[in-house]
Amino acid sequence: MSGREEDLVCRKDNYSTSSADFEYASENEVEEQTILGNLPGTVRNTTFKAASRERSDGSEVLSSSPESPVTTETQELQELQKQRGEMSPKAAQEEILAQIQRLQLKLTELREVDNTSSVGSHHSQLNTSSSGHSLHRQNLESSVRDTICQQSETGETLISTNSAKVGPKLLVVSNRLPVTVTKDNNGAYHFNMSSGGLVSALKGVKSLMPFLWIGWPGTEIDPNERDYVRNKLREGYSCFPVFITDEQANLYYNGFCNDVLWPLFHYVPLPIVSSDGERKFDFKYWQAYSAANYRFAEAVLQVYQEGDYIWVQDYHLLLLPSLLRRRLRDVKIGFFLHIPFPTSEVYRIIPVRKELLQGVLAADLIGFHTYDYARHFLSVCTRILGLDSSPKGVNYHSHFAHVGIFPIGIDPNTFHRALEDANVQQRIQELHERFMGKKVLLGVDRLDYIKGVPHKLLALEWLLTKYSEWMHKVVLVQIAVPTRTEIEEYKKLSSQTNELVGRINGKFGTVDHSPIMFINQSLAFEELVALYTVADVAIVSSVRDGMNLVSYEYVMCQQANKGVLILSEFAGSAQSLSGAIRVNPWNVEELANAIHEALSMPRREREIKHWKLYRYVWLEVFEFVFLMIYVSSYVTTHTAEYWAKSFFQELDNVVKHRDELRLSLPLLNVKSVIKRISIARTRLFLLEYEGSLCHPKSLAELNSPTSTHIKILTRLCSDPRNIIVVISGRSKTILDNWFG
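Since the model is a prediction, treat every value here as computed from it, not as a measurement.

A.B. asks: Please explain the pairing of strand β11 (residues 399-405) as it appears in this structure.
C.D. replies: The side chains of a regular strand alternate between the sheet's two faces. For β11, the tally of buried residues reaches five of seven residues, placing the bulk of the element in the interior. Relative to β11, strand β8 (residues 365-368) runs parallel, the two sharing four bridges. For I366, the partnering residue across the bridge sits in β11 and is V403. The turn joining strand β10 (residues 393-396) and β11, which pair antiparallel and follow one another in sequence, is formed by two residues; a positive phi near 50° is taken by H397.

Pasting the structure below:
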């Protein structure tokens, strides 16, 4: 096996993102070894290279001083840099980290002097002293800056320390950038901005603060061209790329995200083996997922400045909050899951279930679409990790992770503008003529097994069989956008769907009529709006869906027609849209009856149902006079922009509350405690046996004190000034046997 292949093989015990749980850095610690020790071989040799930022102890963004006198620390650093070429990468790395730690300790000592020299009768003298210490601190900071700012093996600069801070910004981190990067045959790069739902949602956040989007550009970039692509994305699109090779992306994205997490989070159990005979869950996928999250953390640290907010998106980056929290104690992290969160019975199937939970629990705010998803998450934290939880969140190792419900929406103005477009109106007229005398059923889905497309087709077959009056009077326009076509399950789904379409069209079709118009490709936005407008009924038959915004889009285009929405009860939007006909897509007969009910519904009932749907999807705050009628302050802002603003505002409130608590509960000054203990005449030690001295276990027989525990306690008891109290929930008999 080659060295590269060995790096791609991972055993469970080789990588544990949170096996020791995330711990905050103390004032005088640099936690490089904490993370590096948990990483596999390939990743362990790639260290975080990030500029030192302002921490809770008061350290600032580092800057060089043009008049820095040569200090002992600087000389040591210069000597170290000269020797780096003669040292192994591992040894050089350890030396650098040790040097950083020594410099950080000296900086801390100087700041403590600064903090104590504020007021008093010797004000001028203290100012002079502080000035001297500030100059020395500046020299040290310059040394730390020079140490940390290194070059990668490819020559690309990993850190930029000379960028001036202009205020806090929002760092949005997602798997993909909203920019598609392509390279033509001539070697020229092309950048095209996409217009997804998340892009529209974040337009509202722009008014609150500037933001930078961090993500994978979707293709492998040559190392020699990465600086060009990075600068182009940063300057032209406010994006910062995470560079991953195609091989890593395949294992991380297709292997773990789409082949493990996606099906399980949608209640599709994993088979033992895949179609090629390999194990469905292989730890090489987990290693790739862990390494990719590490690369994302590395990218965030390159652009992060003190005060920035970090908003992590979706299941691709469940480990990222923990990786960032280890490096930045006071960082403000929000996490939002765009897909369902399963019940504990399903979630516990995942072999790395604890690591994923521990990763996301480092966030300050964890958001879900619906109450059910949040409830499942809280239940999983209690049942799998044994944590205390409440409707507000989870308490995890002195860190409270708040949980909130934020149903996402759409940008209604986009659809209003499209409906006013002359070309769209012309296309609507053409479609009305095309389907004249027929009722149009519409389905808009990705060809994914969670979307329930076969269920919809079978329901149409049942409808035409049971309600023959709709024969030749109903047509289903089914848009099925291909997705993940390289995965075996999706290939099978595509084949089964095509067979169903052919069978139903052959059974009920004629020379001039086909009951199903199957479009196996994506459509232009204008064409989609026209279809939304002419459809009498829209059918969403998802067997499990995080939200499904097709239902919202259909409602926005039905102001004139007042069409009926049939919505699966397993879609997240079903909890919000009370005006829809809710169905269980697994009951094909029930779905067919719902289609018949929708097609036969009187106009007045359709108007009432549509108004219930429309006022939820969009009705901004407005005040205007129209025909002498005053309408004001009717508020239901469940748009995409409202979703983003509400999440960000809640994150801001959570962080402010967290910081207020920390001000009232300052960090323990270890040096001060040690000094006071050493001079105290009487010292009381309260030691919790299961929790402080050792990890708790269910059976007392398995948790007896080791010889090391006995030696430590004996040494403490040998000092007459010490009073030792061991606290335990075990019975007195067991404790007497252990310590008596």
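A.B. asks: Whenever I open this one, the packing of helix α9 (residues 246-265) against helix α10 (residues 283-303) confuses me. Can you help?
C.D. replies: Two measures define how a pair of helices packs: the angle their axes make with one another and the distance between the axes. Here α9 crosses α10 at 115°, and the two axes come no closer than 8 Å. It follows from the interaxial angle that α9 and α10 lie roughly perpendicular. Handedness of the crossing formed by α9 with α10: left-handed. Residue-level contacts link Q248, L251, Y252, G255, F256, C257 and L261 of α9 to K284, Y285, W286, A288, Y289, A292, N293 and F296 of α10. Broken down by class, the residue content of the contact of α9 with α10 amounts to eleven nonpolar, three polar and one charged.

A.B. asks: Sorry, what's going on with the packing of helix α17 (residues 453-466) against helix α21 (residues 588-600) here?
C.D. replies: Contact geometry of α17 with α21 gives a least axis separation of 8 Å together with a crossing angle of 65°. When the axes of α17 and α21 are compared, the pair comes out roughly perpendicular. The handedness of the crossing between α17 and α21 comes out as right-handed. Taken together, the residues of α21 that come into contact with α17 (itself represented by H455, K456, L458, A459, W462, L463 and K466) are V588, E589, L591, A592, N593, I595, H596 and L599.

A.B. asks: Just to check I follow, could you spell out the sheet that holds strand β12 (residues 439-446) for this structure?
C.D. replies: The strand order β14-β13-β12-β15-β16-β17 describes an open sheet built from six strands, whose pairing is parallel. Single-partner strands in this sheet number two, and they are β14 (516-519) and β17 (581-583). Averaged over all pairs of adjacent strands, the angle between their axes in this sheet comes to 20°, without regard to strand direction. For β12 and strand β13 (residues 474-481), the ladder comprises eight bridges, and the chain directions are parallel. From the neighbouring strand, V444 faces β13, where its bridge partner is I479. Packed onto the sheet, helix α19 (residues 525-534) meets β12 and β13 and runs at close to 140° relative to β12.

A.B. asks: Would you mind showing me how to read helix α13 (residues 353-360) here?
C.D. replies: An α-helical turn contains 3.6 residues, so any two residues separated by three or four positions project in the same direction. With six of eight residues buried, α13 lies mostly within the body of the structure. Every buried residue belonging to α13 is among E355, L356, L357, Q358, G359 and V360, and all of these are buried.

A.B. asks: Which parts of the structure should I look at to understand the pairing of β8?
C.D. replies: Of the two faces of β8, the one lined by L365 and G367 and the one lined by I366 and F368 are each fully buried. Where strand β7 (residues 332-336) meets β8, three bridges bridge the pair, whose relative direction is parallel. Opposite G334, over in β8, you have L365 as the bridge partner.

A.B. asks: So what exactly am I meant to see when it comes to the side chain of D314 here?
C.D. replies: Structurally, D314 is set in the loop between β6 (309-313) and α11 (320-327). Although D314 is buried, it makes no salt bridge; R484 carries the closest opposite charge, 7.9 Å away. In this structure the side chain of D314 is engaged in a polar contact, spanning 2.9 Å, whose partner is the backbone nitrogen of H338. Here D314 is in contact with F335, F336, L337, H338 and I339, once residues within four sequence places are set aside.

A.B. asks: Can you help me understand the sheet that holds strand β5 (residues 239-241) in this one?
C.D. replies: Within a sheet, neighbouring strands are paired by backbone hydrogen bonds and run either parallel or antiparallel to one another. Read across the sheet, nine strands follow the order β5-β4-β1-β6-β7-β8-β11-β10-β9 without closing on themselves; strand pairing throughout is mixed. A single partner strand is all that each edge strand has here, and the edge strands are β5 and β9 (389-390). Note: strand β1 (residues 170-176) against strand β4 (residues 211-216), five bridges, orientation parallel. Of the residues in β4, the one forming a bridge with L170 is F211. The strands touched by helix α8 (residues 226-237) within the sheet are β4 and β5, with β5 carrying the most contacts at an inclination of about 165°.

Cut-offs and rules
Along each chain, residues carry numbers from 1 onward, in the same order as the chain's sequence is written. Given that this is a predicted model, residues contribute local features only at a pLDDT of at least 70 and side-chain atom pairs are listed and counted only at 80 or more, while totals for whole chains, interfaces and linings are drawn from all residues. The side-chain values count all of the structure's non-hydrogen atoms but skip hydrogen atoms and water molecules. Accessible area is worked out with a 1.4 Å probe on protein chains only. A residue is then buried under 20% of its type maximum, exposed over 50%, and partly exposed in between. Numbering of helices and strands runs from the N terminus; a helix is a DSSP stretch of H or I covering at least four residues, while a strand is a stretch of E covering at least two. Between any two strands, pairing holds if DSSP finds at least two bridges. Orientation is described by lines fitted to C-alpha atoms, with helices fitted over the stretch in contact, and by angles between N-to-C directions that extend from 0 to 180 degrees. Orientation categories follow fixed angle ranges, with anything under 35 degrees roughly parallel, anything over 145 roughly antiparallel, 65 to 115 roughly perpendicular, and all other angles oblique. Put simply, a crossing is left-handed when the front helix is turned counterclockwise from the back one by less than a right angle, and right-handed when it is turned clockwise. Here, two residues are considered to be in contact whenever any of their heavy atoms come within 4.5 Å of each other. Throughout, the ten residues Ala, Val, Leu, Ile, Met, Phe, Trp, Tyr, Cys and Pro are labelled nonpolar, Asp, Glu, Lys and Arg are labelled charged, and all others, Gly among them, are labelled polar. In this tally Asp and Glu are treated as negative and Lys and Arg as positive; neither His nor the chain ends contributes. For salt bridges, the criterion is a side-chain nitrogen of Lys or Arg within 4 Å of an Asp or Glu carboxyl oxygen. Polar contacts, as used here, are pairs of N or O atoms within 3.5 Å; protein pairs need one atom able to donate a hydrogen and one able to accept it. Residues neighboring in sequence count only if both atoms are side-chain atoms.

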